[in-house]
Amino acid sequence: METADGPWAWLVLVAVMVTQGLILGFPSCIGVYYTDIQSSFQASNAETSWLPSIIMAVLHTGGPLCSILVERFGCRVTVMIGGILCGVGLVTSSFSQTIVQLYLSAGLTAGLGFCFGFQASVTVLGYYFIRHRTLANSLAATGVSIGMALWPLAAQYLLEPLGWRGSFLLFGAVLLNCCVCGAIIRPVKAPKLSPEQEQLAPEIPNGTPHREEDMEQGEGLYRYMAFDLLLRHRRYQIFTIGLTWMSLGFILPLFYLVPYSTSNGMDEEKAALLLVIIGIINIFARPVAGVVSIQKVFNGRLMYLFSISVILNGLSNLICPLSVSFPILLIYCILYSITMSFIGSLVFQLLMDAVGMKRFPGAFGLFTIIESSTLLAGPPLAGLLVDLTDQYGLVFYAVCLVVSSSGLFMGVTSFVIDRKEDKDRRDGH
């Protein structure tokens, strides 16, 4: 077995970066194939939008099942199972004759593979890294950025010669490389934590102890679906509600930026380049976000940095409908991707800090299954809005309202709780 923070941990980090780049980078290229898939099945915007919606929803809904697999077989086997499902799902989707078959193959099967690969790789970082956990999460998120830059570029290059069917067939083979990454993730020994490191894995959220007998009596619920945290842990409640609301609109620009641009006369290659730019900026911005987040000024204040990033990300969507010119959309992409980098770098660190690593798998599983409800609803609602109004620009106004309001909610409620806890400490409670 390997040890936490040892030399092998950094090789595992590389494997996680590749896995997350392959898995979370793929959905960003669906916008490139959006029109081609729509034409292939003669589908409406709402029907076509169900594909990315199902992929993202299953990616999150499978959290509890992924937690069970991680508990029984470990992160290594779970990531490899995910790689196999990704490959099989995309290969079979290339032969789909109806859009419903595409939902089942690319949406359900590949989506479940994305879930296993992504969530198991996120979880393993928490065990491999103690001292450098924030930095490791930020660097792992850089893999997502690289994927977001390369997937749309590859999709645009393959669109004309192969179409979406040939591309999906090839992508299925590429995603089998997740199995190779999974093989690198060896089991890790449980570390002996110092008092300072114990603070990174608190077991008593908000002063409510979880007795060992409670854990045994409710093993399935507590370990895989942390309902007790949702009922009693205030910061987990805020985080879950805020992120669930944010997810209704946060990912929509990745799906609708290309159709919005091309429907207003922009060349397809230029439109796809915008997604590539978002990914490239993320490559450099996510490590910067990680370095910024570990500064002393943000000790105990990461939620405020996160909330401000969410608010600014939402407000950046007001730029997009102003003009379809490439310079204006370039400014939008820069602002959107920088704030997106901070969100991606901090989201898992905040959850780990809030509940501790022993409760993280269950808290993560429940959080993702709740979040999946809005991830599933967002793209079809946006597609319906476009079908009714024939205006893609309205999608970006809706994204602005949803995302910025979620950031405001998380920031304000966290401030109220901090003030109350400070007052209780001063009063000696």
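Residues numbered from 1 in each chain as written. Predicted model: local features only at pLDDT ≥ 70, side-chain atom pairs only at ≥ 80, totals over all residues. Heavy atoms only, no water.

1. Points about the side chain of Ser-105
And step 1. You can see Ser-105 is positioned in helix α5 (residues 99-128).
And step 2. Look at Ser-105 and you get buried, because its relative accessible area is 8%.
And step 3. Apart from residues no more than four positions distant in its own chain, Ser-105 is found in contact with Gly-89, Thr-92, Ser-93, Ser-96 and Ala-110. (Helix = DSSP H or I, 4+ residues; strand = E, 2+ residues; numbered from the N terminus. Buried < 20%, exposed > 50% of the residue type's maximum accessible area, 1.4 Å probe, protein only. Contact = heavy atoms within 4.5 Å.)

2. Details of the confidence of the model for the chain
And step 1. For the chain, per-residue confidence averages 82 on the pLDDT scale, and residues scoring 70 or more make up 90% of the total.
And step 2. Model confidence for the chain, summarised as mean pLDDT per element, is weakest for helix α9 (residues 212-217) at 38 and strongest for helix α15 (residues 302-316) at 92.
And step 3. Across residues 196-218, confidence stays below pLDDT 50; counting only partners more than four residues off in sequence or on other chains, it has 34 contacts. (pLDDT = per-residue confidence, 0-100.)

3. Focus: empty space enclosed by the protein
And step 1. The final tally for this structure, using the stated rule, is 2 cavities of 30 Å³ or more.
And step 2. The computed volume of the largest cavity comes to approximately 580 Å³.
And step 3. Only α1 (7-25), α3 (45-61), α5, α6 (133-175), α12 (234-246), α13 (252-263), α16 (326-355) and α17 (360-389) provide two or more residues apiece to the lining of the largest cavity.
And step 4. Tallied by class, the residues present in the lining of the largest cavity amount to 23 nonpolar, 7 polar and 2 charged.
And step 5. Space inside the second largest cavity adds up to approximately 50 Å³.
And step 6. Along the walls of the second largest cavity sit Cys-66, Ser-67, Val-70, Gln-119, Thr-123, Pro-361 and Phe-364, which together make up its complete lining.
And step 7. Contributions of two or more residues to the lining of the second largest cavity are made by α4 (63-93), α5 and α17. (1 Å grid on protein atoms, 1.4 Å probe; cavity = no way out; pocket = protein on both sides within 12 Å on 5 of 7 lines; lining within 4 Å. Points joined across faces, edges and corners; volume = space filled by probe spheres on them. Nonpolar A, V, L, I, M, F, W, Y, C, P; charged D, E, K, R; others polar.)

4. Here's the deal with the pattern of salt bridges
And step 1. Applying the stated rule across the entire model yields 3 salt bridges.
And step 2. Where Arg-235 meets Asp-418, a salt bridge forms, and the shortest distance between an N and an O atom there is 2.6 Å. With Arg-235 in helix α12 and Asp-418 in helix α18 (residues 393-426), this pair connects stretches of sequence that are 183 residues apart.
And step 3. A relative accessible area of 26% means that Arg-235 is categorised as partly exposed. (Salt bridge = Lys/Arg side-chain N within 4 Å of Asp/Glu carboxyl O.)

5. Examining the packing of α5 against α6
And step 1. Packing of α5 against α6 brings their axes to within 12 Å, and their N-to-C directions diverge by 160°. Classified by the interaxial angle, the pair formed by α5 and α6 is roughly antiparallel. Crossing geometry of α5 relative to α6 is assigned as right-handed. On α6, the residues touching Leu-102, Ala-106, Phe-114, Leu-125 and Gly-126 of α5 are Arg-133, Ala-136, Asn-137, Ala-140, Trp-164, Phe-168 and Leu-175.
And step 2. Its residues assigned to classes, the contact of α5 with α6 shows 9 nonpolar, 2 polar and 1 charged. (Axes fitted to C-alpha atoms, helices over the stretch in contact; angles between N-to-C directions. Parallel < 35°, antiparallel > 145°, perpendicular 65-115°, else oblique. Left-handed = near helix turned anticlockwise from the far one by under 90°.)

6. A short note on the packing of helix α14 (residues 268-293) against α16
And step 1. Direction vectors running N to C along α14 and α16 enclose 40°, while the axes themselves pass 7 Å from each other. Pair α14 / α16 crosses with right-handed handedness.
And step 2. Taken together, the residues that form the contact of α14 with α16 break down as 18 nonpolar, 7 polar and 2 charged.

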